[in-house]
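# Structural characterization, general
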Amino acid sequence: MDDLATAAVEAALAGGARYADARAIESRAEVIEARNGIVEAVDRTDRIGIGVRALIGSSWGFHAVPDASPAAARAAGAAAAAVARASAVVPGRPIELAPVEPVVATWSSPCQEDPWSVPLGEKAALLEGVTATMQQHGADVANASSHAWETRKWYVSSEGHRIEQHIRECGAAMSATALGEGETQRRSHPGIRGQYGTRGWELVRSLDLPGNAARIAAEARALLAAPACPSLEATDLILGSEQMALQIHESVGHAVELDRILGWEAAFAGTSWLDLAQMGSLRFGSELMQITADATLEGALGSFGFDDEGTPAHPVDIVRDGIWVGVLSGRDSAALAGIQSGGAVRADGYNRIPMVRMTNVGLLPGSDSLEAMIAATDDGILMDTNRSWSIDDRRLNFQFGCEIGWEVKAGKRGRMLRNPTYTGISPRFWGSMDMLGNRDEWTFWGTPNCGKGQPLQVGHTGHPAVPARFRGIRVGVRG
Amino acid sequence: MTAPAAQLASDVAGDVLALVRRRSADAEAEVDVRSGRLGLTRFANSFIHQNVAEDLGSVSLRLALDGRVASARLDGPSEPDRLERLVGQAFEAARVSPVDPEWPGVGGAAPAPNVDHWDEATASASAEDRARRVAEFVTAGGDLETAGALATQSITVAFATTAGQAVTGRTTIAEIDGIARTPTSDGVARQASVALADIDGQEAGERAARKAREAANPTEVEPGRYPVVLEPSCVANLLTFLQNHGFGGRVVEERRSFVRIGEPQLDASITIRQNIGHRLMVGLPFDAEGTPRQTLDVVRDGVPTAVLHDRRSASKAGVASTGNAVEGPNSFGFVAASTVLLPGDRAPSTLIEELERGILVSDFWYTRVLDPRTLVVTGLTRNGVWLVEDGRVVRPLRNLRFTQSYAEALAPGAVLGVGSDLALFPEGHDSAQLVPSLQLASWNFTGGAKG
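Residues numbered from 1 in each chain as written. Chains lettered and ligands numbered in written order. Predicted model: local features only at pLDDT ≥ 70, side-chain atom pairs only at ≥ 80, totals over all residues.

## Topic: the overall build of chain A
Condition: Every helix listed is a DSSP run of H or I at least four residues long, and every strand listed is a run of E at least two residues long, numbered separately from the N terminus. Values of the radius of gyration come from C-alpha atoms, whereas the globule rule sets the reference at 2.2 Å times the count of residues to the power 0.38. Using C-beta atoms placed from the backbone, we call a residue buried if 20 or more other C-beta atoms fall within 10 Å of its own, exposed if 12 or fewer do, and partly exposed for counts in between.
Assigned secondary structure in chain A consists of 10 helices and 23 strands. Against the 2.2 N^0.38 benchmark of 23 Å for 479 residues, chain A shows a C-alpha radius of gyration of 23 Å, consistent with a compact globule. Along the three orthogonal principal directions, the C-alpha set of chain A runs to about 70 × 55 × 35 Å. With 479 residues in all, chain A has 63% of them scored as buried.

Structure below.
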């Protein structure tokens, strides 16, 4: 397959490109979905194709074909150059690429139990069983799903890269919904999106879906009778690690994408409140806040050996001691900003142009614990498991909702609360963080559905997170 | 429609069904074969920075063996050995799948509506064709920075089942979505049509620039409940939530919907119609199960009159599918398609002139449902929001957050005016909306830029 990618690159160069790269990709995906004790979908997809990127002047041209023949590869390369050339009708400043050493390498993600070797019947029985259990314990609607992806990609660039990667990912999710007179309540395990990683089926086994099915069904039912989260202008807020993963993803991860900061996504995904001139001096949060983007974390969903521009995976400091110090970048955006490539450019398939995506953007752990936070809180609210998320196009003003909350009074966890929500302005919110969970609570949450780009791309991102406490937060916004 | 692409796709679908029958005479199968092209030219900072094109080609097979169901799909060449592998995978998966007691079976022969939302020039549009219209937009933006995208797409689909259904359909879609930017504001313009020739880059660029200038130097307004005029983009968002959470067969059957058929739950000025045949519509005349898209009123004069079904939810409800199945696993179990919110008699400018004191909104952004039953949604405004007093726009506002029940926003008496305009919002090949502007009595803004 790398010969096909090479042929595509050569054709793009012959078409006038001053730089070109190509990814030949063979991938397969499996989705199994069960609902109320019935397996409703067993769906498998095989994909094969080549995507070629050609750089002429100020624009990328990209062409993809669902074909792996030499003729199709050459045609795709020539077409990519032609598309790039057409962009000269509306030119800008020529794009430069931050230097990256050409690499000839192979890389595979770790995998103990190949998801494709686990019998389909076993997977289906697992999901069928947990949805039946949830129904028996109070769920009106019980859902469960598993996903597995396997990607083999061959990357070739006109600078001499030849990289082969084999990445296996999988995960699972389940949720119980209880219907009340006027509203619905839901509980999920282990999180709203489940849990995913660049690991084998051992990840799914570790989630213990059967052991948690009855619990979340009972919690969903109990939430219907729980008091509503009070509306308070300011209170102490403790967030569990799953909700922290969402908080990091939305209010830090997207905000530090360099393409957004440079305005490349202005019309669709939006921009960022961050100004490059302030990188290195702007206070993003409290001194407890240490954020890295690290694609080398073993088993996390945003891990790989090389990004889709051939840049080796490496950790990048994003926020250090509360000061904004880094961004997520690729070779073109990094060159504009005058920095090294962050190795954060990926595409969601052969047919999409690589773009800046989160790797594993997360918090480094602190020294406290969830129990210590509760014990240290006189009057506050604990929330966990994301339910809704909304943030403005500059990634500044957010309102997030969780599935479940609890009163915290005099250092103890009290009554369960339904419909907990909180809202804030990003730097003010992060600036109020005064307690952070420890390494034992550090979880590499995986988000398999991060949407960005046109045509839309669905990215797989990782978010190491721990519980944290924030002071003076507005909660309980009502409709 | 017997275009070469459709004939080719039909042949592949026939080949797959033949492979299925060779393995089992009793197997039920449905095959979906797609081909087409997508071209998308993105611009930012007033120049084209990404320009992409993609040849599309896929074959999907859903197979049932005595109620054991599995799907397999391939992207890529439809060579005989790959089709053989596709069929083999589906059989292998179906044999070990549990019996699905709710499997509704595959659809039989039923003609699709005689619509052909197709424009040959759009199907063959080049990167240069797109770039020229982008240049018009950027030039019309004048000294303002511009950003956005212009897309052209074409898709041809052949669908066939072992029960005798065999239909083909095709559609083209062209759309531009761009903003012009001042240092303190963005203004937006959108156009969509079956034909690229209908896309006027200059007009769109001028509108975006005018709106950006009118939105410049925004100021705060106290959050609270305000009457609003919602431009069509907001209305499309409102309609999406209303239909997804309210009108699907599955959510109604599971009592997760606010909808009660036959009761006047919405304002009498609201009629929502599924109509693939509308002259401004785009899309395919059948759904992912090959069921023809039914023309029907989902809401008539404020009264919910129908729910939207795929074959599964229709079977459970004891009715026929309305042609709203979606490809692949989908949590809603259906897709609202070809939706028209019937326009009223007020010019959009009149809706503003009739507002004593309220807020005019261009776009909603990042809307998420807090409770699907009450349809309480939170989100923000984007790309221009203005205070209106005594029928005149008096000043631009900073973006606002809202937390609002969409069902209540359209409740009886809550809709003060329906615009005579109609804007098209395509969502892929399977869904599109035609919607007017609306004037609503109350919208709950729960926060400003300060949080």
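Continuing now.
## Here we look at the interface of chain A and chain B
Worth spelling out the cut-off: Contacts here follow a simple rule: the backbone-placed C-beta atoms of the two residues must lie within 7 Å. Classification convention: Asp, Glu, Lys, Arg as charged; Ala, Val, Leu, Ile, Met, Phe, Trp, Tyr, Cys, Pro as nonpolar; all other residues, Gly among them, as polar. For two strands to be treated as a pair, DSSP must find no fewer than two bridges joining them.
Contacts between the two partners involve 70 residues from chain A and, on the opposite side, 77 residues from chain B. Mapped onto the side of chain A that touches chain B, the elements with two or more residues apiece are strand S1 (19-35), strand S2 (38-56), strand S3 (59-65), helix H2 (70-86), helix H3 (120-136), strand S16 (379-391), strand S17 (397-409) and strand S19 (421-425) of chain A. Of all the elements, S2 of chain A adds the most residues to the side of chain A that touches chain B, at 12 residues. For the side of chain A that touches chain B, the class distribution of residues is 35 nonpolar, 22 polar and 13 charged. Bridging between S2 of chain A and strand S3 (residues 68-75) of chain B involves 5 bridges; their strand directions are parallel. For arginine 44 of chain A, the partnering residue across the bridge sits in S3 of chain B and is alanine 72 of chain B.

## Things to note about the domain arrangement of chain A
Residue and element names in this part refer to chain A. Heads up, the rule is: Domain start and end points were adopted from an automatic or database domain assignment.
Here chain A is partitioned into domain 1 (2-225) and domain 2 (232-475). Computed from C-alpha coordinates alone, the two centres of domain 1 and domain 2 are separated by 21 Å. Facing the 46 residues of domain 1 at the interface are 40 residues of domain 2. A class-by-class count of the residues in the side of domain 1 that touches domain 2 yields 20 nonpolar, 15 polar and 11 charged.

## Description of the pairing of S3 of chain A
All names here are of chain A. Taken across its 7 residues, S3 has 7 buried, putting it largely inside the fold. Side chains of S3 alternate between two faces, with Ser59, Gly61, His63 and Val65 and Trp60, Phe62 and Ala64 buried alike. Pairing between S2 and S3: 7 bridges, direction antiparallel. Across the sheet, glycine 51 pairs through a bridge with alanine 64, a residue of S3.

## Focus on the sheet that holds strand S8 (residues 272-274) of chain B
Residues and elements named next belong to chain B. Our working rule: In this analysis, axes come from line fits to C-alpha atoms, helices being fitted only over the stretch in contact, and the angle between any two N-to-C directions falls in the range 0 to 180 degrees.
Strands sit in the order S10-S9-S8-S11-S18-S17 across an open sheet of 6 strands; the sheet is mixed. A single partner strand is all that each edge strand has here, and the edge strands are strand S10 (303-304) and strand S17 (423-427). The sheet contacts of helix H6 (residues 232-246) involve strand S11 (339-341), S17 and strand S18 (431-435), and relative to S18 the element is tilted by about 125°.

## Brief notes about the confidence of the model for chain B
Applicable threshold: Residue-level confidence of the predictor is summarised by pLDDT, bounded by 0 at the bottom and 100 at the top.
For chain B, per-residue confidence averages 95 on the pLDDT scale, and 98% of positions sit at 70 or higher. ipTM for the predicted complex: 0.93, alongside a pTM of 0.96.

## Section: the packing of helix H4 (residues 127-140) of chain B against helix H5 (residues 201-214) of chain B
Residue and element names in this part refer to chain B. The following threshold applies: Angle categories are assigned with fixed cut-offs, so that under 35 degrees is roughly parallel, over 145 is roughly antiparallel, 65 to 115 is roughly perpendicular, and the rest are oblique. Each crossing gets its handedness from the near helix: less than a right angle anticlockwise from the far helix is left-handed, clockwise is right-handed.
Orientation of H4 relative to H5, taken along the N-to-C sense of each, is 30°, at an axis distance of 7 Å. As judged from the angle between their axes, H4 and H5 are roughly parallel. Considering the relative orientation of H4 and H5, their crossing is right-handed. Residue-level contacts link Arg133, Val134, Glu136, Phe137, Val138, Thr139 and Ala140 of H4 to Gly201, Gln202, Ala204, Gly205, Glu206 and Ala209 of H5. A breakdown of the residues in the contact of H4 with H5 according to their chemical character gives 6 nonpolar, 4 polar and 3 charged.

## Things to note about the domain arrangement of chain B
All names here are of chain B. On domain assignment, one finds that chain B holds domain 1 (4-214) and domain 2 (224-447). Between domain 1 and domain 2, the residue contacts involve 33 residues of the former and 29 residues of the latter. Residue assignment for the side of domain 1 that touches domain 2 shows that the elements contributing at least two residues are strand S1 (28-44), strand S4 (145-161), strand S5 (166-182), strand S6 (185-193) and H5. In terms of residue count, the dominant contributor to the side of domain 1 that touches domain 2 is S6 (7 residues). Of the residues that constitute the side of domain 1 that touches domain 2, the class distribution is 15 nonpolar, 10 polar and 8 charged.

## What about the sheet that holds strand S12 (residues 323-324) of chain A?
Residues and elements named next belong to chain A. Read from one edge to the other, the open sheet built from 4 strands follows the order S12-S11-S10-S15, with strand pairing classed as antiparallel. The open sheet terminates on both sides in strands that have one partner only, identified here as S12 and strand S15 (361-363). Two strands pair when backbone bridges link them, and strand S10 (residues 291-294) and S15 are joined in this way by 3 bridges, in the antiparallel orientation. Following the sheet pairing, alanine 293 is matched in S15 by valine 361. Where helix H6 (residues 241-253) meets the sheet, its contacts fall on S10, strand S11 (315-320) and S15, and the angle it forms with S15 comes to roughly 120°.

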